[in-house]
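Residue strings, one per chain:
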Amino acid sequence: MEPLVHAPMLLQRIDGLRGKAPGAGRRPGLSAATLEVHVASGSVSAVEGRRAVLPLWYTSRSQKKPYVTWALHKPDASPFQILSYLDGVVKVEETYLKSRVSFLYPMLSHNLSVLINGTQEQDAGQYVCTVNVADDASGTGKNIGVINLTVLVPPAAPACRLHGSTAVGGNVTLSCASPKGKPLPAYQWQRAAPAAQVFFAPMQDSVKGTLKLTNLSTDMSGVYVCVAENRAGSAACNVTLAVLSGSNAAVVAGAVLGSLVGFGLLVFLGLQLRVYRRKKRDGQEEAANEIKEDAVPPKTLSWAKSAASDVASATSTLSSAAAPGARPKLAGARAPSDDGGGIAPPAAPAPPAANGTAGARDRRPEGPPRRRALPAGGLARMGAVAVMVPAQSQAGSLV
């Protein structure tokens, strides 16, 4: 690269040693006499992730600084400028290449090569360099250089799979595929040591990545390796083939079948248990609802609600119902019944008094029905005390 870059300058030095003016004795139209762009190679390949160099230089009679532009052309997009040099200033354009593109050498020389770091697959395309010098003319298209960049992508790790019956006498197909690679990788199958073996067509398809093995025998058991390879690199995967004899195949089939049946039984039992628990829970909820609907609220005894009021009523009744010479007793009280009932029927109202005064005093306004009188035993248990009230005559005097 370096001798090519400085070839024009070397010719000028040789002419100076010979005592000739630079370019003297040459025919017009030679590259040393006019502005011309030179390309070392019109096609450059680079591996993804590595650096790429686009080699280009120019020749001119002028000693003035050139005006240089680099642009990228893609089939599916409009051309855009990525790099320029004008009036001694290098400018990197605002593109996705800005942080990765630069001139390879300082602009003091005629070498205009471009360096791209960390090459990506999207960097591929046609790079066009245009050179103009103020006082030097060039032929048509002589001031333009074109370089095509191809980015190679190594294969990604492939996936190996086995299809078919591995029993003795069966047929299997081994497949291998890589999800990424540029250009598309080629596939090569081989059997690993100790029984190393390489396969070829028609057993192997290097494009599809398949290997067909027929009429299997136990000797064909082993590890099979697939290598995916292109110009950028390679990657590999492997699969183990275990050929089963008749007895072994029956054992394996029985084990698999038994496992499936056991798993099915476990699932069935689990479902049945779940259904049983759900039914039991629903039955308990229904029984609770029926109990709530049929339940009768408990009756509350009237005497338990207001004991003090009942005692006062009973005392008043004793006072008004006592007769001369009679043994004092509680009005309306009677012995408890044999059936254990503790609540006596209500007492009959007292007859009106002879005079209007007493009758008026004993008469009460009609209202809600009176509470039932408690038996004597119940009053005694509640702490009631019998009070003797003197009898009165019809005139109201004490007797």
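Our subject is the structure that appears above.
Computed from a prediction, not measured in an experiment: that's the story for all the values here.

Chemist: Go over a nonpolar patch on the surface, please, and point to the residues and values.
Modeler: A cluster of nonpolar side chains, Leu257, Val261 and Leu265, forms an exposed patch at the surface whose accessible area comes to about 300 Å². Here valine 261 is to be found in helix H3 (residues 246-294). On the accessibility criterion, valine 261 (48% relative accessible area) is partly exposed.

Chemist: Please give an account of the side chain of asparagine 111 that cites residues and values.
Modeler: Residue placement: asparagine 111 occurs in the loop between strand E8 (101-103) and strand E9 (114-116). Look at asparagine 111 and you get buried, because its relative accessible area is 1%. Among the polar contacts listed, one links the side chain of asparagine 111 to the side chain of serine 113, at a separation of 2.6 Å.

Chemist: So what about the sheet that holds strand E13 (residues 172-177)? Which residues, and what values?
Modeler: Each strand in a sheet pairs with another by means of backbone hydrogen bonds, the pair being arranged parallel or else antiparallel. Pairing in this open sheet of 4 strands is antiparallel, and the strands run E12-E13-E17-E16 from one edge to the other. Two strands close off the open sheet at either side, each with one partner strand: strand E12 (159-164) and strand E16 (204-205). With 6 bridges joining them, E12 and E13 adopt antiparallel strand pairing. Residue pairing across strands places arginine 161 opposite serine 175, the latter belonging to E13.

Chemist: Could you give an account of the packing of aromatic side chains, with specific residues and numbers?
Modeler: In this structure the tally under the stated criterion is 2 aromatic pairs. Plain terms: the ring middles of phenylalanine 80 and tyrosine 96 are 6.3 Å apart, the flat faces sit at 55° to each other, and that makes the pair tilted. Pair noted here: phenylalanine 80 is in strand E6 (residues 77-86) and tyrosine 96 is in the loop between strand E7 (89-92) and E8, with a separation of 16 residues, a long-range link.

Chemist: Which residues make up the nonpolar core, and what values go with them?
Modeler: Leu54, Val68, Trp70, Ile116, Tyr127 and Leu149 are the most contacted members of the largest nonpolar core, which has 29 residues in total. Setting aside its immediate chain neighbours within four residues, tyrosine 127 contacts Leu54, Trp70, Ala71, Leu72, Ile82, Leu97, Ile116, Gly145, Val146, Ile147 and Leu149. Residues Cys176, Trp189, Phe199 and Val239 belong to the second largest nonpolar core, which totals 18 residues.

Chemist: Which residues make up the state of the cysteines, and what values go with them?
Modeler: The full count for this structure, using the stated rule, is 2 disulfides. The disulfide partner of cysteine 160 is cysteine 237, and the S-S distance across this bridge is 1.8 Å. In this structure the cystine formed by cysteine 160 and cysteine 237 twists about its S-S bond by roughly 75°; its chirality is therefore right-handed. In this pair, cysteine 160 is assigned in strand E12 and cysteine 237 in strand E19 (residues 233-241), connecting sequence segments 77 residues apart.

Chemist: Break down the sheet that holds E19 for me, citing the residues and quoting the values.
Modeler: Taken in spatial order, the 4 strands of this open sheet run E15-E14-E18-E19, and their pairing is antiparallel. Lying at the two open borders of the sheet, with one neighbouring strand each, are strand E15 (197-198) and E19. With 2 bridges connecting them, strand E14 (residues 186-191) and E15 associate as antiparallel partners. Pairing of arginine 191 across the sheet is with glutamine 197, part of E15.

Chemist: Please provide a residue-by-residue account of unusual backbone geometry, values included.
Modeler: The peptide bond linking lysine 182 to proline 183 adopts the cis configuration, its omega dihedral lying at -5°. Look at the link from alanine 201 to proline 202: it is a cis peptide, with omega at 5°. Here proline 202 shows up in the loop between E15 and E16. For aspartate 87, which is not glycine, the phi torsion reads 55° and is therefore positive. For aspartate 87, the position within the fold is in the loop between E6 and E7.

Chemist: Describe in detail the side chain of serine 175, supporting the description with residues and values.
Modeler: Structurally, serine 175 is set in strand E13. In this structure serine 175 comes out as buried when scored by relative accessible area, which is 16%. At 3.3 Å, the side chain of serine 175 forms a polar contact with the side chain of histidine 163. Apart from the residues lying within four places of it in its own chain, the contact partners of serine 175 are Ala159, Cys160, Arg161, His163, Trp189, Gly209 and Thr210.

Analysis parameters
Residues numbered from 1 in each chain as written. Predicted model: local features only at pLDDT ≥ 70, side-chain atom pairs only at ≥ 80, totals over all residues. Heavy atoms only, no water. Patch = residues over 30% accessible without salt bridge, like charges linked within 9 Å, V, L, I, M, F, W, Y side chains within 5 Å. Areas by Shrake-Rupley, 256 points an atom, 1.4 Å probe, with all protein chains shown as cover. Salt bridge = Lys/Arg side-chain N within 4 Å of Asp/Glu carboxyl O. Helix = DSSP H or I, 4+ residues; strand = E, 2+ residues; numbered from the N terminus. Buried < 20%, exposed > 50% of the residue type's maximum accessible area, 1.4 Å probe, protein only. Polar contact = N/O pair within 3.5 Å; in protein donor to acceptor, adjacent residues only side chain to side chain. Pairing = 2+ DSSP bridges. Phe/Tyr/Trp six-rings, centres within 6.5 Å; stacked < 30°, edge-to-face > 60°. Core = buried A, V, L, I, M, F, W, Y, C linked by side-chain atoms within 4.5 Å. Contact = heavy atoms within 4.5 Å. Disulfide = S-S within 2.5 Å.

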